[in-house]
Amino acid sequence: MLRPVALYLGLSALLSGCIVVPVPVPDGLGMTPRPVDLSSPPHPCPVSAETEAAAPSGITALNAARASAGLPTLSAAPRLIRVAQNHACDQAVSMKMGHVGSDGADLRKRLDRGGVAGNAWAENVGMGMQSAEEMVTAWMNSPGHRANILNPRYGAAGLAVSRDVAGRPYWTLVLADRP
């Protein structure tokens, strides 16, 4: 579900809900389904210079929110950053924000591809905010996103951004109980 938060926050951004629900594709569309290769990201990209610059301030903003709730800090995890970067790139290339990649992979599949184990994980995505701090503020003003950030089970995070051809930023935050 996409929600413009411009009306809510007075900012130009979109957020996507935090729950991933598989949606079956109906048969009878006159098309033969082709197998999808979920072993590698559809639009892999290296961790960008913009992500490297933005992630520390984003993690600081996330940890400030967690500290105000009496929660331990999140540590930046390189594997989670790579998973987040690949999804941010996929969203930017596809110009579509959401929790399912252009290849149909959900967060768990993307974590598997990235070599991330664990028992608890969540993802926040957003579009339009120009800085990590603005994106964290928008997420903190959205109940589902806020709940993810303030979940005490998570101890590791990866935050990444990628821009589409028009320059719009697509953000991905991946949280997990371990890196």
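Scope of this entry: the structure provided in the associated data block.

Conventions adopted
- Residues numbered from 1 in each chain as written.
- Predicted model: local features only at pLDDT ≥ 70, side-chain atom pairs only at ≥ 80, totals over all residues.
- Heavy atoms only, no water.
- Helix = DSSP H or I, 4+ residues; strand = E, 2+ residues; numbered from the N terminus.
- Expected span 1.5 Å × (residues − 1).
- Bend = angle between axes of the 7 residues up to and from the residue.
- Buried < 20%, exposed > 50% of the residue type's maximum accessible area, 1.4 Å probe, protein only.
- Contact = heavy atoms within 4.5 Å.
- Disulfide = S-S within 2.5 Å.

In a regular helix each residue adds 1.5 Å, so 20 residues correspond to 28 Å; helix 2 (residues 49-68) covers 30 Å between its end C-alpha atoms and thus fits that length. At Ala55, helix 2 shows its maximal bend, which comes to roughly 35 degrees, and the proline Pro56 appears one to four places after that position. Every buried residue belonging to helix 2 is among Thr51, Ala54, Ala55, Gly58, Ile59, Ala61, Leu62, Asn63, Ala65 and Arg66, and all of these are buried. Elements in contact with the buried residues of helix 2: strand 3 (75-76), helix 3 (78-94), helix 5 (132-140), helix 6 (143-149), strand 5 (156-163) and strand 6 (169-176). Immediately beyond the C-terminal end of helix 2, within one or two residues, lies Gly70, with a positive phi of roughly 75 degrees.

Using the criterion set out here, one finds one disulfide in the structure. Here Cys45 connects covalently by a disulfide to Cys89, the sulfurs 1.8 Å from one another. Note on the Cys45 and Cys89 pair: the S-S dihedral is about 80 degrees, so by sign convention the disulfide is right-handed. Here Cys45 is found in the loop between strand 2 (14-16) and helix 2, whereas its partner Cys89 is found in helix 3, with 44 residues between them in sequence. Look at Cys89 and you get buried, because its relative accessible area is 7%.

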